[in-house]
Amino acid sequence: MVNRPLNILYLAHRIPYPPNKGEKIRSFHQIRRLATRHRVFLGCVIDDRDDLAYVSTLEKWCVKVETMTRSRLGAAWKMVEALATGQPLSTAPFRSPDLERRIRALLAAESIDCVVVYSSAMAWYVRDLVDVPVIVDFVDVDAEKWRAYAESRPAPLSWVYRREATCLTAHDREVAKRCDHAVVVSQAEADVFRRCIEDRVVSVISNGVDLEYFHPPTEGPAVDPAPVLVFTGVMDYWPNVDAVSWFASEVFPAVQAASPDARFVIVGRRPTTAVSSLGARPGVVVTGAVDDVRPFLAGAAVAVAPFRIARGIQNKVLEAMAMGLPVVGTTLAFQGMAVGAEDGIRTADGAKGLAREIVFLLKNEDHRLVSGRRARAFVERHHRWDHQLTALETLLRTSVARRVGTAVSAGHADQGAGIRAVNDGSR
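(A) Main features of the overall build of the protein. Along its length, the protein carries 14 helices and 13 strands. Computed over C-alpha atoms, the radius of gyration of the protein comes to 23 Å, within 12% of the 22 Å expected from 2.2 N^0.38 for 427 residues, which places it in the range of a compact globule. Counting across all 427 residues of the protein, residues that qualify as buried make up 53%. Considering only contacts within the protein whose residues lie at least 6 apart along the sequence, 69% involve residues at least 24 apart. Here the protein displays about 19,100 Å² of accessible surface, and carbon together with sulfur accounts for 52% of that area. Counting 54 positive and 49 negative side-chain charges, the protein places the centres of these two groups 2 Å from one another.

(B) Seen up close, the environment of glycine 299. Residue placement: glycine 299 occurs in the loop between helix H10 (294-298) and strand S11 (302-305). Considered as a pair, glycine 299 and tyrosine 149 are 150 residues apart in the sequence and their alpha carbons are 33 Å apart.

(C) Representation of the sheet that holds strand S9 (residues 263-267) in the model. Judged by pairing direction, the sheet is parallel, and its six strands sit side by side in the order S10-S9-S8-S11-S12-S13 without closing on themselves. Taken across any chain shown, the strands that pair with only one partner, and hence form the sheet edges, are strand S10 (284-288) and strand S13 (345-347). Averaged over all neighbouring strand pairs, the angle between strand axes comes to 25°, with direction disregarded. Strand direction decides the pairing type here: strand S8 (residues 228-232) and S9, joined by five bridges, are parallel.

(D) Here's a closer look at the packing of aromatic side chains. Within this structure, the stated rule accounts for 15 aromatic pairs. Relative to tyrosine 161, the ring of tyrosine 149 has its centre 5.3 Å away and its plane inclined at 65°; by these criteria the two rings are edge-to-face. Of this pair, tyrosine 149 sits in helix H5 (residues 142-152) while tyrosine 161 sits in helix H6 (residues 157-178); the two residues are 12 residues apart in sequence, bridging distant segments of the chain. Each member of the pair, tyrosine 149 together with tyrosine 161, is buried. Residues phenylalanine 247 and phenylalanine 264 carry aromatic rings whose centres are separated by 4.6 Å and whose planes lie at 55° to one another, so their mutual orientation is tilted. Linking phenylalanine 247 in helix H8 (residues 238-258) with phenylalanine 264 in strand S9, this pair joins segments that are 17 residues apart in sequence. Lying across the ring of tryptophan 124, arginine 127 places its NZ or CZ 4.3 Å from the centre.

(E) Highlighting the pairing of S9. Counting buried residues in S9 gives four out of five residues, a clear majority hidden from the surface. Where the polypeptide runs from S8 across H8 and back to S9, its parallel neighbour, the crossover connection is right-handed. Sheet topology places S9 next to S10; four bridges connect them, and they run parallel. Within S10, the residue paired with isoleucine 266 across the bridge is valine 286. As for the winding sense of the linkage, the β-α-β connection from S9 through helix H9 (residues 273-278) to S10 is right-handed.

(F) Representation of the nonpolar core within the structure. By size, the foremost hydrophobic cluster in this structure holds 88 residues, and its most contacted members are Leu229, Phe264 and Met321. For this core, the leading source of residues is H8, giving nine residues. Once residues lying within four places of it in the same chain are set aside, the contact partners of phenylalanine 264 are Leu229, Phe231, Val244, Phe247, Ala248, Phe252, Gly283, Val284, Val285 and Val304. If you look at the next biggest cluster of nonpolar residues, it comprises 35 residues, including Val45, Val115, Val126 and Val136.

(G) View of the pattern of salt bridges. Counting across every chain of the model gives 30 salt bridges. A salt bridge links arginine 102 to aspartate 98; the nearest nitrogen and oxygen atoms lie 2.8 Å apart. Of this pair, arginine 102 and aspartate 98 both sit in helix H4 (residues 97-109), separated by four residues, roughly a single helical turn. Taking the relative accessible area as the measure of exposure, aspartate 98 reaches 35% and is therefore partly exposed. For arginine 376, the salt bridge identified is with glutamate 380, shortest N-O distance 2.9 Å. Within this pair, arginine 376 and its partner glutamate 380 are both found in helix H13 (residues 365-382), separated by four residues, close to a single helical turn.

(H) Region of interest: H6. Compared with an ideal rise of 1.5 Å per residue, which puts 22 residues at 32 Å, H6 spans 31 Å between its outermost C-alpha atoms and is within 8% of the ideal. Buried positions along H6 lie against helix H3 (72-85), strand S5 (134-139), H5 and helix H7 (187-196).

(I) Representation of the side chain of serine 399 within the structure. Within the secondary structure, serine 399 is located in helix H14 (residues 385-413). Exposure remark for serine 399: the relative accessible area of 4% places this residue in the buried category. Every residue in contact with serine 399, bar those within four places of it in the chain, is listed here: Pro133 and Ile135.

Conventions and cut-offs
Residues numbered from 1 in each chain as written. Predicted model: local features only at pLDDT ≥ 70, side-chain atom pairs only at ≥ 80, totals over all residues. Heavy atoms only, no water. Helix = DSSP H or I, 4+ residues; strand = E, 2+ residues; numbered from the N terminus. Rg over C-alpha atoms; globule rule 2.2 N^0.38 Å. Buried < 20%, exposed > 50% of the residue type's maximum accessible area, 1.4 Å probe, protein only. Contact = heavy atoms within 4.5 Å. Areas by Shrake-Rupley, 256 points an atom, 1.4 Å probe, with all protein chains shown as cover. Lys, Arg positive; Asp, Glu negative; His and termini not counted. Charge placed at Lys NZ, Arg CZ, Asp CG, Glu CD. Pairing = 2+ DSSP bridges. Axes fitted to C-alpha atoms, helices over the stretch in contact; angles between N-to-C directions. Phe/Tyr/Trp six-rings, centres within 6.5 Å; stacked < 30°, edge-to-face > 60°. Lys NZ or Arg CZ within 6 Å of the ring centre and 35° of its normal. Right-handed = clockwise from strand over helix to strand, strands pointing away. Core = buried A, V, L, I, M, F, W, Y, C linked by side-chain atoms within 4.5 Å. Salt bridge = Lys/Arg side-chain N within 4 Å of Asp/Glu carboxyl O. Expected span 1.5 Å × (residues − 1).

Pasting the structure below:
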């Protein structure tokens with residue numbers, strides 16, 4: 001294994017700061033950890049000009065940061081082009097010839113040991129790279145999300161989503177074929193990955209949670225005469241919109257029937273019109289953007305995760321559990337987590353079942369508090385970032401060592417020819 005510091009090119013489809021949504025949380029923690037031991041060069045996409053202010057923050061960890069800023073109009077036009085050429089709509093907006101030129105220049109100027117591609121959409125930038133190991137963090141099998149969308153939405157959206165699922169599967173199969181190693185977030189995703197993309201090595205590196213930042217209130221649970229149910233997330237993301245809309249209309253009324261003073265608080269930026277309108281319902285509060293979600297978690301009795309569409313591991317679930325909250329959700333909310341009722345969670349897949357589990361916790365304070373402590377203990381055991389990121393670093397070192405060893409062997413066989421990996425289709 002290579003023990004020296006590595007030069008790592010890290011490509012991310014979203015600027016990995018601030019870590020305020022799932023796709024940014026994972027990439028941010030990966031970069032921050034790698035930067036403590038290695039030299040990280042970052043290439044990323046910015047889709048909100050306000051995020052340009054965070055480039056200087058990332059330069060605290062990265063040797064160099066190369067960005068591409070895309071507009072909504074530009075992204076839409078690239079999607080039109082993708083529709084005409086048979087490419088996935090969801091990957092096209094991340095392609096920039098200008099950013100590609102800068103990444104190629106960086107590869108030529110720096111002795112890069114390995115590349116981490118966060119999201120297969122960014123694999124386009126290193127599609128022809130043959131002499132440096134490429135590790136792709138797929139996170140989850142995103143094509144399956146589009147299949148779920150197709151099943152839940154009417155035509156013509158269902159047709160568009162079904163097309164996207166097919167195109168993205170083909171795209172990811174090609175990316176997996178060319179990369180040295182694939183990574184996903186859970187064993188459940190690995191099983192799906194192997195079914196969709198056969199004969200490829202895939203490793204599981206789970207998500208973690210910042211246990212120092214998210215922790216139970218030191219003064220004990222907040223006392224609120226009106227029990228609060230809380231949901232956190234970006235509120236223009238369709239699975240979140242669907243979850244809270246369904247919960248507010250189908251589940252929460254049954255909770256209110258048993259606990260009339262209960263409140264359902266939806267916390268998160270960019271609420272859609274559909275989400276904002278939920279605030280007109282009795283007992284429902286829509287906060288919009290907040291500076292810190294922790295006070296809302298600390299003031300809640302139960303966190304809810306009523307997902308009907310979901311992939312991978314939900315960071316919102318890990319954060320609530322780290323705060324010492326019991327979580328009630330559908331089976332999908334906990335997929336990829338080796339968690340059960342003994343770990344502070346309760347599951348049900350129907351509206352009546354979810355309401356029943358929530359009411360049970362609201363009516364049984366001792367059980368609710370014990371469940372919260374068990375939830376915290378679970379994430380302490382299984383979802384520490386340090387453990388997950390050690391696995392990533394080991395994978396990178398092993399990949400570099402394997403590639404160097406293969407190249408040296410090939411060099412000897414070629415009677416002293418220069419060391420250079422050959423793209424023989426085995427990557």
